[in-house]
Each structure stands twice: as structure tokens, then as C-alpha cells.
Amino acid sequence: MPGGLVALLDDIAAIAKMAAASVDDVASAASQASIKSAGVVIDDTAVTPSYVLGLSPDRELPIIAKIALGSVRNKLLILLPAALLLSYFAPWAITPILMMGGAYLCFEGAEKIMGALTGADHGGVAAAITDPRELEKRQVSGAIRTDLILSAEIMAIALAGLPPMAIAMQAAVLAVVGLALTIGVYGVVAIIVKMDDIGLNLARRRPPTVRAIGRGLVKAMPIVLEALATIGTAAMLWVGGGIIVHGLEVFQLETIPHAVHGTARTAAAAMPMMAGLVEWLVGAIGSAIIGLALGGAIAAVLHFLPSKAGKSTH
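Along each chain, residues carry numbers from 1 onward, in the same order as the chain's sequence is written. Confidence filtering applies because this is a predicted model: local features only for residues at pLDDT of at least 70, side-chain atom pairs given and counted only at 80 or more, and all residues used for totals across whole chains, interfaces and linings. Side-chain numbers here rest on the full set of heavy atoms in the structure, without hydrogens or water.

Engineer: What's the story with the overall build of the chain in this structure? I'm lost.
Structural biologist: Helix and strand labels come from DSSP, where a helix needs a run of H or I of at least four residues and a strand needs a run of E of at least two; each type is numbered from the N terminus. Of the regular secondary structure elements, the chain holds 10 helices and 0 strands. Written out in order from the N terminus, the α and β elements of the chain read α-α-α-α-α-α-α-α-α-α. In this scheme, a residue with accessible area under 20% of its type's maximum is buried, one over 50% is exposed, and one in between is partly exposed, where area comes from a 1.4 Å probe on protein chains only. Out of the 314 residues belonging to the chain, those deemed buried represent 37%. By definition in these notes, contact holds between two residues if any of their heavy atoms fall within 4.5 Å. Across the chain, contacts joining residues at least 24 apart in sequence account for 76% of those joining residues at least 6 apart. All accessible areas in this document rest on Shrake-Rupley with a 1.4 Å probe, and a residue is counted as covered only by the protein chains that are shown. Just so you have it, the chain exposes about 17,400 Å², and 72% of that area is on carbon and sulfur atoms.

Okay, structure coming up:
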């Protein structure tokens, strides 16, 4: 009997060691995948604050919480199983699906620029919404749609960067990546949008230096939020355009990708001290130009069709 108990304890210890090794493997793979997704994560962080601009300050954190919950659903309930199924049964479909998502980002970015230039609401509904609850619902749903595209890119990058492993391990790694990045992104977004409240709190404190910092934060936050809105629009274009450029490469349609990458490499060679930064920046600008052209074309078609349909009814 004692010998059997010792054997049982040895088995439990062996299982515990295997479990610990699996946890370490998941953590290591998740960390590497998260690093590779960093660019899209930054874009996601820049895009999201624009969805709470103009809304009641006391609703900012609840709205961010709703978007974060929608992001978790996007990643764990939609994208994770879809990514695993597609990678095993239809890997050829991943790139076209991502390109459709990229085209949607390009369209959204182009719409925002058109609206800023013309003063018109190219979304078609915001100007007509007077009910705060309805406006909040629209903003949350729009943010979750945009998050779905950015999260799909994150999950695709993470999946592509994983070494060969069992499907259960892949699922665990993608789940860890999805949860960790969601907490990170929306935690940072929550801090950004409430920074003015933090500044007000500091401005009431006794030490003059702390009060000065608080007043500086309050004055700076409107500028920061407007800048983030601009960066978010640019992010939609360069991420969406980048997805399109990468997709064209996959399908061996090299003209546009060669032009973007070639220009970036040439610019980097001209400034060797900052070669990496310059290559990324010029590549991002090139991708954004492609994204703006595609998004503008989609927007033009979508706005032309309703007007044509309206004329045909008269």
C-alpha cells in the first residue's frame, strides 16, 4: 500500500511538472506573439479614444468597459475558433478575409477624412441622433466593429508566429494573447480618457508643483485627445492599407508592394542613422496612401449607388 501511494505521488508530481512546462510554453509563446502584434496594438490604442469624444464624461469608463467586453468576445468567441478552423481546413481563405477587413478599415478612415474636409457626416446617422443612449449604442457598436478587424489582424499575426504545436496549445496561446492585449489596450485607453479628471484631482492638492502638473494635464488633454483621433484615423488607413499590400504580396501581385517597400528601403538607405524608423515610417505612409485610395473609391461607390437609386425612382 505505501508503495502504491508513493507511485501515485510520483505520477502526480510528473503531471504537475508537465503542466508547469505547458504553462511556461504557453506564456513564452504568448509573449513572443504579443511582441509581434505590437504595431496593431498601438493602432488599436490610438483608434479607440475617438469613440468617446463628445460623450458625457460620466459615461466614458462604462463605454470603454462595453467596448473591452466586446473585444474579448471578438477574440475568444469569434476569432479564436475561426482562426484555428481556417488554419487547419481552409488556410487559403485567411488572406482574402483579412483583405476584406482591411478594405473596411480603409473605408472607415476615408469616411472620417471626407467628413473632416467637407463638414458633412459621411457616416450618415450621427448628425440625426439626439438620444444620448442611441448615440452611445452607435459608438460602442462602431468601436467593436473596428476592434474586430484589428483583433483579426492581431490573432492572424500571433497565429502565424507560433511554432508547430498541438491545437489545444495554439488555442491556449491565442486566448492568453487576446486577453492580455485587451486588458493592456483598454486599460491604457481608460487612463487616457480620464486623464483630465486625474489632472483636476491633482490641481486641488496642496503642493504647488502637484497643482501645476494637474493644471497642465487638464489643459493638455483636449489637445491629446484630438491628436489621438487624428492618429486613429491615420492608423485605420495604414493598417488597412498594410493588410491590402500584404495580401497582394501573398497573391504575387507585386507591383504595388514593390513600390511601397522599394520606396521605404530607398529612404532608409538615404538615412542610415535612422534606417529602421525611416523604413517603417515611409512604409506606413505608403500603406496609408494605398488605404486612402481604396477607401475613397469604396466610399465614392457606396455614396453614388444610393443617389443613383434615388434618381431612378423619380
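Engineer: Would you mind showing me how to read a nonpolar patch on the surface here?
Structural biologist: Candidate patch residues must exceed 30% relative accessible area and have no salt bridge, after which like charges are joined if within 9 Å and Val, Leu, Ile, Met, Phe, Trp or Tyr side chains if within 5 Å. Each reported salt bridge corresponds to a side-chain nitrogen of Lys or Arg within 4 Å of a carboxyl oxygen of Asp or Glu. Together, Met 271, Met 273, Met 274, Leu 277, Trp 280, Leu 281, Ile 285 and Ile 289 make up an exposed nonpolar region whose accessible area comes to about 890 Å². Its location among the elements puts Ile 285 in helix α10 (residues 275-312). Of the residues examined, Ile 285 reaches a relative accessible area of 45% and is grouped as partly exposed.

Engineer: So what exactly am I meant to see when it comes to the packing of aromatic side chains here?
Structural biologist: Given two aromatic rings, their pairing is described by the distance between the two centres and the angle made by the two planes. To pair, rings of Phe, Tyr and Trp, with the six-membered ring standing in for Trp, must have centres within 6.5 Å; the planes then decide the type, stacked if under 30 degrees apart, edge-to-face if over 60, and tilted in the middle. According to the stated counting rule, one finds 2 aromatic pairs in the structure shown. Between Tyr 104 and Phe 107, the ring centres sit 6.5 Å apart and the planes meet at 45 degrees, which makes this aromatic pair tilted. With Tyr 104 and Phe 107 both in helix α4 (residues 94-118) and 3 residues apart, this pair spans about one turn of that helix. Residue Tyr 104 is classed as partly exposed on the basis of its relative accessible area, which comes to 24%. What makes Phe 107 buried here is its relative accessible area of 17%. Arranged with centres 5.9 Å apart and planes meeting at 85 degrees, the rings of Trp 238 and Trp 280 form a pair that is edge-to-face. Of this pair, Trp 238 sits in helix α8 (residues 208-250) while Trp 280 sits in helix α10; the two residues are 42 residues apart in sequence, bridging distant segments of the chain. Under the relative-accessibility criterion, Trp 238 is labelled partly exposed at 22%.

Engineer: Hey, could you run me through the pattern of salt bridges in this one?
Structural biologist: Pairing between side chains of opposite charge can happen when the charged atoms of each approach one another. Applying the stated criterion across every chain, the model contains 5 salt bridges. Arg 59 is the partner of Glu 136 in a salt bridge, and the nearest nitrogen-oxygen pair spans 2.8 Å. With Glu 136 in helix α5 (residues 132-160) and Arg 59 in the loop between α2 (38-47) and α3 (60-89), this residue pair connects regions lying 77 residues apart in the sequence. Note on Glu 136: relative accessible area 11%, which makes it buried. Among the ionic pairs, Glu 136 bridges to Lys 66, the shortest N-O distance being 3.0 Å. Here Lys 66 lies in helix α3 and Glu 136 lies in helix α5, a separation of 70 residues in the sequence. On the basis of relative accessibility, which here comes to 40%, the residue Lys 66 falls in the partly exposed class.

Engineer: Looking at this model, I keep getting lost on the nonpolar core. Mind explaining?
Structural biologist: When a protein is soluble and globular, its nonpolar side chains tend to lie buried together. Throughout this description, the term nonpolar core refers to a set of buried Ala, Val, Leu, Ile, Met, Phe, Trp, Tyr and Cys residues connected via side-chain atoms within 4.5 Å. Membership of the largest hydrophobic core comes to 40 residues, with the highest contact counts inside it found for Ile 64, Ile 67 and Leu 174. Breaking this core down by element, the ones donating at least two residues are α3, α4, α5, α6 (167-193) and α8. Take this core: its biggest share by element is 11 residues, from α6. Contacts of Leu 174, omitting those with residues within four sequence positions, involve Leu 80, Leu 84, Met 155, Ala 158 and Leu 159.

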